[in-house]
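A look at the structure
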Amino acid sequence: DYLVGKQNMVAFHSRPPMRRDRALELVHTDVCYVDAPSHHGGQYFVTFIDDFNRKMWTFMLKSKDQVLSVF
């Protein structure tokens, strides 16, 4: 409690986040594990998010090494 009261506040910037100018110029990706497998046996899924338009693609995978064969 004492330390929280002594911490300095940091201002947030009010400018909007910068995005890329063209589709697929920057793509964010992540691989996640799922505790319960899907109907087709998928234990993982991979997501791809386009930074320009925020379009997202999701693919179920049976193993992590299948990420290389998605695209």
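Our structure's up above, just so we're on the same page.
These numbers were taken from a predicted model, which means no experiment stands behind them.

Thresholds applied
Residues numbered from 1 in each chain as written. Predicted model: local features only at pLDDT ≥ 70, side-chain atom pairs only at ≥ 80, totals over all residues. Heavy atoms only, no water. Pairing = 2+ DSSP bridges. Helix = DSSP H or I, 4+ residues; strand = E, 2+ residues; numbered from the N terminus. Axes fitted to C-alpha atoms, helices over the stretch in contact; angles between N-to-C directions. Buried < 20%, exposed > 50% of the residue type's maximum accessible area, 1.4 Å probe, protein only. Phe/Tyr/Trp six-rings, centres within 6.5 Å; stacked < 30°, edge-to-face > 60°.

The subject of this paragraph is the sheet that holds strand β1 (residues 27-33). Strand order across the open sheet formed by three strands is β1-β2-β3, with antiparallel pairing between neighbours. A strand with exactly one partner marks an edge of an open sheet, and here the two such strands are β1 and β3 (56-61). Strand-to-strand twist of the sheet, defined as the mean angle between neighbouring strand axes without regard to direction, takes the value 15 degrees.

Below, the discussion takes up unusual backbone geometry. Phi is positive for leucine 24, close to 65 degrees, though the residue is something other than glycine. Note on placement: leucine 24 falls in the loop between α1 (2-6) and β1. Look at leucine 24 and you get exposed, because its relative accessible area is 55%. If you check the backbone angles, arginine 54 has positive phi at about 65 degrees while not being a glycine. Along the polypeptide, arginine 54 turns up in the loop between β2 (44-50) and β3.

Moving on to the packing of aromatic side chains. In this description, an aromatic ring pair is defined by two values, namely the gap between the centres and the angle between the planes. Tallying each qualifying case throughout the model produces two aromatic pairs. Consider the rings of tyrosine 33 and tyrosine 44, whose centres lie 5.4 Å apart with planes at 65 degrees: the pair is edge-to-face. In this pair, tyrosine 33 is assigned in strand β1 and tyrosine 44 in strand β2, connecting sequence segments eleven residues apart. Under the relative-accessibility criterion, tyrosine 33 is labelled partly exposed at 49%. By relative accessible area, tyrosine 44 is classed as buried at 19%. Ring geometry for phenylalanine 48 against phenylalanine 59: centres 6.2 Å apart, planes inclined by 70 degrees, an arrangement best described as edge-to-face. Of the two residues, phenylalanine 48 sits in strand β2 while phenylalanine 59 sits in strand β3, which places them eleven residues apart along the sequence. The class of phenylalanine 48 is buried, set by a relative accessible area of 12%.

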